[in-house]
Every structure is written in C-alpha cells, then in structure tokens.
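Observations on chain architecture
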Amino acid sequence: MDVLVTGGLGYVGSHTCIALHQAGYRPVIYDNLSNASIVVLDQLAKICGKRFSFIQADVGDALALRQCFTDFSIEAVLHFAAYKAVGESTAQPLNYYQNNVCHSATLMSEMQNAGVRRLVFSSSATVYGVPQYLPIDENHSKAPTNPYGWSKLMVEQIMRDQCSANADWLAIALRYFNPVGAHPSGLLGENPSGIPNNLMPYVTQTATGHREKLYIYGNDYDTPDGTGVRDYVHVMDLAEGHVQAVDRLFSEQGFHAFNLGTGNGASVLDVLKEFELVTGVSVPYSITHRRPGDVAVSVASPALARQVLEWHAQRDLKTMLGDSWRWQSNYPEGI
Ligand code: UDP
C-alpha cells in the first residue's frame, strides 16, 4: 500500500519511512529539501535495500500534490513537512503560519479532491504550553507559548473540523515529547544545519569536538538537580508509533490525538552522566542563564497511546544515547 510521507527526508520522517517499509507499506517521499539532504534517500536505500519513490516539491504546491495523487495509489498521508525552530517562529510568525498551517490546509484540500481520507500529523507537546500538572495527558489545557506551537495546534483544529464535517475522514495527531536517538545502523540520524538548538545534537557535537562546550540553560529549576527535565523518546519508537497510527486509521473514525513519550523524565545533568557512561566521553559544560520560554519539567502520560494504539516506547535512555553517538561518530559533519 502506497503512503505519502511529506517531509520524508527529515529527522522523524526518514526514520518513519524505515518502520513503514518494515511493516509492509510503500513510502512515497515528498520533500522540498529546504531542511533535508538528498543523501538521506541513499542512506534509506542502504538500510532498507530499496530505493523509495521521491518527489521534490513543496506541500504548498497544489499541482505537484495533485500529480502525486494521480501517479501513485496513495491510501494514507503522513505529514511531517514543517518548520520547527521555536525561536525562529517567534521572530518570523508569518512564515510559520504560511508554511505550517496554510500548506497543511492545501494538503488536506488535495487529499479531499483525490479521495484520500486518512492522515497522520506530526504534532508536538508544545501545544500544551506551560504544564499545569504532570504527567501531561491529552486532556491537558492547550496554551502554546510560541507561533510554532500555535501552528501545530491550528492544524490539529483543521483536522478536527474536517473530520466533523466529513464522516469518512480519519485523522490522528501525534504529539511528540523530545525526539532523540538514531537508527541503530549509524547510517541515519538527526542532521541539523548550523548550530543545534536542541540538547542532544549539541551534546554529541560537543563530544566530537565540533563545539567547545555545552551551555546548560539554568540549574536553579525546581527539579532534583536544578536542571530542566524532559521526556526523551527514541526516534525509532516514534517511527513505530506512526506505523501503529497508520494501522489504526483503517479501523478508527474521526480525529484523535495521542502523546508519544516514555513517561520518564531525565534532567540535562542525567543526560550528560548517562552519555559518559555509555560512550566513555565526558562533555565539557558550563551553567548559564535560563533560556526564555523553557519550563522546569515536561513529561508525558503515554497511557492513551498504549491503550488505543497498542504502542509504548521500548528503548531506554542508554539506547538513545548510544545510537545518537554512533551516528554522530560516523558522520561528524552530518550528511
Ligand atoms: N538545553 C540546554 N542546553 C542546550 C540545549 C538545551 O541546557 O544547548 C536544555 C533545555 O533548557 C531543556 C533541555 O535541554 O531543559 C531540552 O531542550 P531541547 O531544546 O532539546 O528541547 P525542548 O524541550 O526545549 O523543546
């Protein structure tokens, strides 16, 4: 069965293509290469023993989408293509709303025209904003604190409305907590361009000597060691969560949203200690001021995904760190 994967050469999208292939689906990758390398397609071929169909186009390009729905027998769409830098979204909100929201509406219109009714959307725990209680379940209030988070919540609302208006639509939003890790082959992983914003690529790039040291954003939070606590989840666990969601699209009705996380929290210092244990490399760091917009703790309740999607994260922090490090050591300059 052909499934369209927008943003299929990006971090979570590319790993999901592997899991889709393993589950017997045929991914058709759709990516404009704005924040991904074409080399990812070669890496996927090495891992899967098969070169996936690839369309270089923008999700805002209705004609290209139309052509794609004509050329392939697409039965479901997994939509990853989006801008994802939180800080940048605050500086350039219109770009984020245009690219993330308007283009998602274009995609859904073209799905409607082509008779494709099944959608899995790459959402984010950012939709919850500042946690009011922990762990965060799907009923937690939604109050994003930046345009990136709003763009994700707005797309969820469009999906919800589309499903209410069309009983034959089935749509699932997956709210990721903190995706980390890499494919265990070491051939594929997170490939950020420029200076990483996220903790894990910054840690591995410091460990290879590409960055002088890690700056820890605050050690005065109300957490056991004062540094921020997050729910890190392995990208291959996320990938498998998407496959479970696609399977579910063929039995479930309407719109549903699920958290994808482990339910366990790790602090920045926990991550550094564990990284040294796993890799034998100690990462130099210094403490600096808090980063604006950061919260002390963010941890998922993954209970609903376990119950309905029959999914739970299986890989622990050691595996996440070991896999990230294998990838970064193999490709210190990225691909
Ligand atoms: N963090 C840090 N230094 C960095 C990047 C991140 O101390 O260079 C901390 C950040 O304050 C947070 C955690 O690492 O507590 C995870 O941050 P990340 O940006 O990876 O994800 P977020 O949860 O903010 O989306």
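A quick note: this is a predicted structure, and the numbers were derived from the prediction, not measured. (Residues numbered from 1 in each chain as written. Predicted model: local features only at pLDDT ≥ 70, side-chain atom pairs only at ≥ 80, totals over all residues. Heavy atoms only, no water.)

So, the side chain of E156
With respect to the helices and strands, the residue E156 is situated in helix α6 (residues 147–165). Here E156 falls in the buried class, since its relative accessible area comes to 1%. Discounting chain neighbours no more than four positions away, the residues touching E156 are F121, S123, V127, A173, R175, F255 and A257. (Helix = DSSP H or I, 4+ residues; strand = E, 2+ residues; numbered from the N terminus. Buried < 20%, exposed > 50% of the residue type's maximum accessible area, 1.4 Å probe, protein only. Contact = heavy atoms within 4.5 Å.)

Brief notes about the pattern of salt bridges
In the structure shown here, the tally under the stated rule is eleven salt bridges. One salt bridge in this structure joins D237 and R315, with 2.6 Å as the shortest N-O distance. One end of the pair, D237, is in helix α8 (residues 235–248); the other, R315, is in the loop between α10 (303–309) and α11 (317–330), and 78 residues separate them in sequence. Among the residues examined, D237 registers a relative accessible area of 0% and is labelled buried. Under the relative-accessibility criterion, R315 is labelled partly exposed at 23%. One continuous salt-bridge network, built from bridges that share partners, spans D237, E240 and R315. (Salt bridge = Lys/Arg side-chain N within 4 Å of Asp/Glu carboxyl O.)

Some remarks on the site of the ligand
Lining the immediate environment of the ligand, one finds 14 residues, of which L199, Y215, R230, R291 and D294 sit closest. One of the backbone nitrogen or oxygen atoms of L199 is found 2.8 Å away from an oxygen atom of the ligand. For the ligand, an oxygen atom lies 2.6 Å from a polar atom in the side chain of R230. Across the complex, the protein chains shield 87% of the 510 Å² of accessible surface that the ligand would expose by itself. (Near = heavy atom within 4 Å. Polar contact = N/O pair within 3.5 Å; in protein donor to acceptor, adjacent residues only side chain to side chain. Areas by Shrake-Rupley, 256 points an atom, 1.4 Å probe, with all protein chains shown as cover.)

Some details on the packing of helix α9 (residues 268–279) against α11
Where α9 contacts α11, the axes come no closer than 9 Å and their chain directions differ by 65 degrees. With respect to each other, α9 and α11 are oriented roughly perpendicular. Viewed along their axes, α9 and α11 form a crossing whose handedness is right-handed. Of the residues in α11, those touching α9 at V271, E274, F275, V278 and T279 are L317, K318, L321, G322 and W325. Class assignment for the residues of the contact of α9 with α11 results in six nonpolar, two polar and two charged. (Axes fitted to C-alpha atoms, helices over the stretch in contact; angles between N-to-C directions. Parallel < 35°, antiparallel > 145°, perpendicular 65-115°, else oblique. Left-handed = near helix turned anticlockwise from the far one by under 90°. Nonpolar A, V, L, I, M, F, W, Y, C, P; charged D, E, K, R; others polar.)

Let's talk about the packing of aromatic side chains
Taken as a whole and assessed by the stated rule, the structure comprises three aromatic pairs. Here the aromatic rings of Y83 and Y96 are separated by 5.3 Å at their centres, their planes lie at 55 degrees, and the arrangement is tilted. Of this pair, Y83 sits in the loop between β4 (74–79) and α4 (86–91) while Y96 sits in helix α5 (residues 93–114); the two residues are 13 residues apart in sequence, bridging distant segments of the chain. On the accessibility criterion, Y96 (0% relative accessible area) is buried. Ring geometry for F275 versus W325: centroids 5.5 Å apart, planes at 80 degrees, classification edge-to-face. Highlighted residues: F275 in helix α9 and W325 in helix α11, separated in sequence by 50 residues. (Phe/Tyr/Trp six-rings, centres within 6.5 Å; stacked < 30°, edge-to-face > 60°.)

Comments concerning empty space enclosed by the protein
Tallied over the entire structure, the rule returns two cavities of 30 Å³ or more. One number sums up the size of the largest cavity: a volume of about 70 Å³. Y11, V180, G181, E190, M200, P201, T204, S324, W327 and Q328 are the residues that line the largest cavity. Looking at the lining of the largest cavity, the elements that each hand over two or more residues are α7 (199–207) and α11. Empty space within the second largest cavity amounts to approximately 40 Å³. Of all the secondary-structure elements, those providing two or more residues to the lining of the second largest cavity are α5 and α6. If you tally residues by element for the lining of the second largest cavity, the top one is α6, at three residues. (1 Å grid on protein atoms, 1.4 Å probe; cavity = no way out; pocket = protein on both sides within 12 Å on 5 of 7 lines; lining within 4 Å. Points joined across faces, edges and corners; volume = space filled by probe spheres on them.)

A few points about the sheet that holds strand β11 (residues 254–260)
Read across the sheet, seven strands follow the order β3-β2-β1-β4-β5-β6-β11 without closing on themselves; strand pairing throughout is parallel. Across the chains shown, the open sheet's two edge strands, defined by having one partner strand only, are β3 (53–56) and β11. Strand-to-strand twist in this sheet, taken as the mean axis angle between neighbours without regard to direction, amounts to 20 degrees. With five bridges connecting them, strand β1 (residues 2–6) and β4 associate as parallel partners. For T6, the partnering residue across the bridge sits in β4 and is H79. Strands β5 (118–124), β6 (170–176) and β11 of the sheet are contacted by α6, whose axis makes an angle of about 155 degrees with β5. (Pairing = 2+ DSSP bridges.)

Observations concerning the sheet that holds strand β14 (residues 297–298)
The three strands lie next to each other as β12-β9-β14, forming an open sheet whose pairing is mixed. Bordering the open sheet on either side are β12 (266–267) and β14, each of which pairs with just one other strand. For strand β9 (residues 229–230) and β12, the ladder comprises two bridges, and the chain directions are antiparallel. Paired with V229 across the two strands is S267, which belongs to β12.

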